[in-house]
Amino acid sequence: MIDVILKKGKEKAVLHHHPWVFSGAIEPVKGKPANGDIVRLLNIKGDFMAYGFYNDKSRVALRLLEWDEGVTVDEDWFCRKVAVAVAGRNDLLSSGETNTCRLIFSESDFLPGLIVDKYADHLAVQVLTSGMEKIMPVIIEELQRLLKPASIFDKSDAASRLHEGMETSNILLAGVEPPGSVEVKENNMLYNINIAGGQKSGFYCDQRDNRKIVAAHAKGKKVLDCFCYTGGFTLNCLNNDAAAVTSLDSSASAMETLRENIGLNKLDVKKHIAIQADVNKQLRVFREEGEQFDMIILDPPKYAPSRSALDRASRAYKDLNRLAMLLLNGGGLLATYSCSGAMNMETFKQVIAWAALDAGKQVQFINQFCQPEDHPVRSSFPEGEYLKGLLCRVF
Ligand code: SAH
């Protein structure tokens, strides 16, 4: 195993078990570890610090795996981490209300670069680091042993693979080709998922708890679900006796699946309007038409992919929220989210306060949202916390 030396003064994060070491924090590497090899990280005095995946193509040159020198990071080590992560989802799945969730969440489950989502009997994986790519045959075998899935499909089409110098990939890894439409259950609602063709890995299961909380406020209300995708919030609100729900998304295929999902749950189509449009444009159209709502949900895609994009993203979030506030009846509810890791809750609250001022409104924060238990946040890796939201009453 090749030794990599940490520069003087860079020990703190490693000692605190942060799993990333940036390329600028290490001395020129002697020997030639291949990308994805496991190396030993030593401090400048030669003391052991951690084992980790090496990749000289990535800004994150090392992804740390193990801080105990006496523990061997071998195939067994990876199988143990997979088994622990899968077992951690038992409580969530055992209720029978939900059969789709994230089984493995990368660094937050001690497996840097591995994401595994469960869709009923099918698994979708994303492999985002070269180290994880090398160990994938072992991971696949362990997933098969533990879960006996009908299929394991590779959905590694994330841009982050390119940062690691890896090509995107979209292939069947094990089992039979998943059908074009897989039926899953979440909060006792049914959804058709297109694993091979859907966005990301097909479904945004990180909003599971929040859909329930929001829907609890929907009874009798006229709801607008912006960035609805295949209807996560829409279905829960209709199921909870919303008076009417308008769903907005720019994706034709998402809207198509949303219509299927309404049928699948035998919900009242007469109470539902689907509009395929750009949210920013359509909110302005509603304003011109004098359309008002009792509750608006804003679940936009990630506006700030990095910290440097935060200022610009904050302005986009502010503008979006300002427009939504203007469309609410007095005392109406705004459920607003940001899935940008770079935006923390404090900043998000400031953005909403800023939007309220611009809209000439007063806002009460009546609830705060976060990501659910199958998207854990590791205390040594705050970067894993990305989803936040606010339930606001707007006057
Ligand atoms: N709320 C959804 C998940 C939203 S994901 C759920 O509960 O499942 C973000 C969605 O925003 C995607 O479906 C994408 O198609 C849509 N989108 C992105 N930019 C958009 C825009 N400018 N106008 C409308 N929809 C947009």
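Student: Explanation requested: helix α4 (residues 130-147) in the structure shown.
Tutor: In an α-helix, one turn spans 3.6 residues, which is why side chains three or four residues apart end up on the same side. Look at α4: 25 Å from first C-alpha to last across 18 residues, which is about the 26 Å you get at 1.5 Å a residue. For α4, the principal kink sits at Met136 and spans about 60°; a proline, Pro137, occurs within the next four residues. If you check which residues of α4 are buried, you get Ser130, Gly131, Met132, Ile135, Met136, Val138, Ile139, Ile140, Glu142 and Leu143. Just past α4, the residue Lys148 takes up positive phi, approximately 45°.

Student: Please explain the sheet that holds strand β10 (residues 172-175) as it appears in this structure.
Tutor: Strand pairing in a sheet relies on backbone hydrogen bonds, with the paired strands running either antiparallel or parallel. Taken in spatial order, the five strands line up as β6-β7-β8-β9-β10 in an open sheet, and their pairing is mixed. A strand with exactly one partner marks an edge of an open sheet, and here the two such strands are β6 (100-105) and β10. If you compare each strand with its neighbour and ignore which way they point, the axes differ by 15° on average. As defined by bridge partners, strand β7 (residues 114-119) adjoins strand β8 (residues 122-127) across six bridges and the pair is classed as antiparallel.

Student: Where do I start with the site of the ligand in this structure?
Tutor: Lining the immediate surroundings of the ligand are 16 residues, of which Arg211, Phe227, Asp249, Val279 and Asp299 lie closest. Within the contact set of the ligand, a nitrogen atom lies 3.0 Å away from a side-chain nitrogen or oxygen of Asp278. Its free accessible area being 580 Å², the ligand has 88% of it covered by the protein chains. Class assignment for the residues of the shell around the ligand results in eight nonpolar, four polar and four charged.

Student: Help me out: how do you make sense of the sheet that holds strand β15 (residues 272-276) in this one?
Tutor: If you walk across this open sheet you meet the seven strands as β15-β14-β13-β16-β17-β19-β18, and the pairing is mixed. Lying at the two open borders of the sheet, with one neighbouring strand each, are β15 and β18 (363-370). Direction aside, neighbouring strands of the sheet carry axes that sit 15° apart on average. Examined bridge by bridge, β18 and strand β19 (residues 388-394) share seven bridges and lie antiparallel to one another. Of the residues in β19, the one forming a bridge with Phe369 is Gly389. Strand contacts of helix α6 (residues 208-215): β16 (293-298), β17 (328-338) and β18, with the helix running at about 145° to β18, the strand carrying the most contacts. The sheet contacts of helix α11 (residues 345-359) involve β17, β18 and β19, and relative to β19 the element is tilted by about 30°.

Student: Honestly, the packing of α6 against helix α7 (residues 232-239) in this entry has me stumped. Any pointers?
Tutor: Describing two packed helices takes the angle between their axes plus the distance from one axis to the other. Between α6 and α7, whose axes approach to 9 Å, the crossing angle comes to 35°. Between α6 and α7 lies a crossing of right-handed hand. Only Gly232, Phe233, Asn236 and Cys237 of α7 make contact with α6, whose side of the interface consists of Asn210, Arg211, Val214 and Ala215. Of the residues assigned to the contact of α6 with α7, the class counts are four nonpolar, three polar and one charged.

Student: Just checking my understanding: could you explain the environment of Gly180 for this structure?
Tutor: Turning to its location among the elements, Gly180 is positioned in the loop between β10 and β11 (182-186). The spacing of Gly180 and Ala196 is 16 residues in sequence and 7.3 Å in space, taken between C-alpha atoms. Aside from chain neighbours lying at most four places away, what touches Gly180 is Ile193 and Asn194.

Student: Could you clarify how one ought to interpret the pairing of strand β9 (residues 151-154) in this entry?
Tutor: A regular strand carries its side chains on alternate faces of the sheet. In β9, alternate side chains face the same way, and those of Ser151 and Phe153 on one face and Ile152 and Asp154 on the other are all buried. Here β8 pairs with β9 via four bridges, running parallel. Within β9, the residue paired with Val125 across the bridge is Asp154. For the crossover that starts at β8, traverses α4 and ends in the parallel β9, the hand is right-handed. Strand direction decides the pairing type here: β9 and β10, joined by three bridges, are antiparallel.

Student: Sorry, what's going on with the pattern of salt bridges here?
Tutor: Taken as a whole and judged by the stated rule, the model has 18 salt bridges. As a salt-bridge pair, Arg89 and Asp109 come within 2.7 Å of each other at their nearest N and O atoms. Of this pair, Arg89 sits in the loop between α2 (75-87) and α3 (90-94) while Asp109 sits in the loop between β6 and β7; the two residues are 20 residues apart in sequence, bridging distant segments of the chain. Taken together, the shared-partner salt bridges in this structure form one network comprising Asp3, Arg40 and Glu69.

Student: Honestly, the domain arrangement of the chain in this entry has me stumped. Any pointers?
Tutor: A common way to express how large an interface is: the accessible area buried when the components associate. Per the domain assignment, the segments of the chain are domain 1 (3-66), domain 2 (75-182) and domain 3 (204-394). Here the C-alpha centroids of domain 1 and domain 3 sit 40 Å apart. Counting residues at the interface gives five residues for domain 1 and four residues for domain 3. Across the domain 1/domain 3 interface, buried area totals approximately 400 Å², and carbon plus sulfur atoms make up 59% of it. For the domain 1 face of the interface with domain 3, the top three residues by lost area are His18, Pro19 and Trp20, together amounting to 73%. Put simply, domain 1 and domain 3 have zero salt bridges between them.

Cut-offs used in this document
- Residues numbered from 1 in each chain as written.
- Predicted model: local features only at pLDDT ≥ 70, side-chain atom pairs only at ≥ 80, totals over all residues.
- Heavy atoms only, no water.
- Helix = DSSP H or I, 4+ residues; strand = E, 2+ residues; numbered from the N terminus.
- Expected span 1.5 Å × (residues − 1).
- Bend = angle between axes of the 7 residues up to and from the residue.
- Buried < 20%, exposed > 50% of the residue type's maximum accessible area, 1.4 Å probe, protein only.
- Pairing = 2+ DSSP bridges.
- Axes fitted to C-alpha atoms, helices over the stretch in contact; angles between N-to-C directions.
- Near = heavy atom within 4 Å.
- Polar contact = N/O pair within 3.5 Å; in protein donor to acceptor, adjacent residues only side chain to side chain.
- Areas by Shrake-Rupley, 256 points an atom, 1.4 Å probe, with all protein chains shown as cover.
- Nonpolar A, V, L, I, M, F, W, Y, C, P; charged D, E, K, R; others polar.
- Contact = heavy atoms within 4.5 Å.
- Left-handed = near helix turned anticlockwise from the far one by under 90°.
- Right-handed = clockwise from strand over helix to strand, strands pointing away.
- Salt bridge = Lys/Arg side-chain N within 4 Å of Asp/Glu carboxyl O.
- Domains from an automatic or database assignment.
- Buried area = accessible area lost by both parts, 1.4 Å probe.

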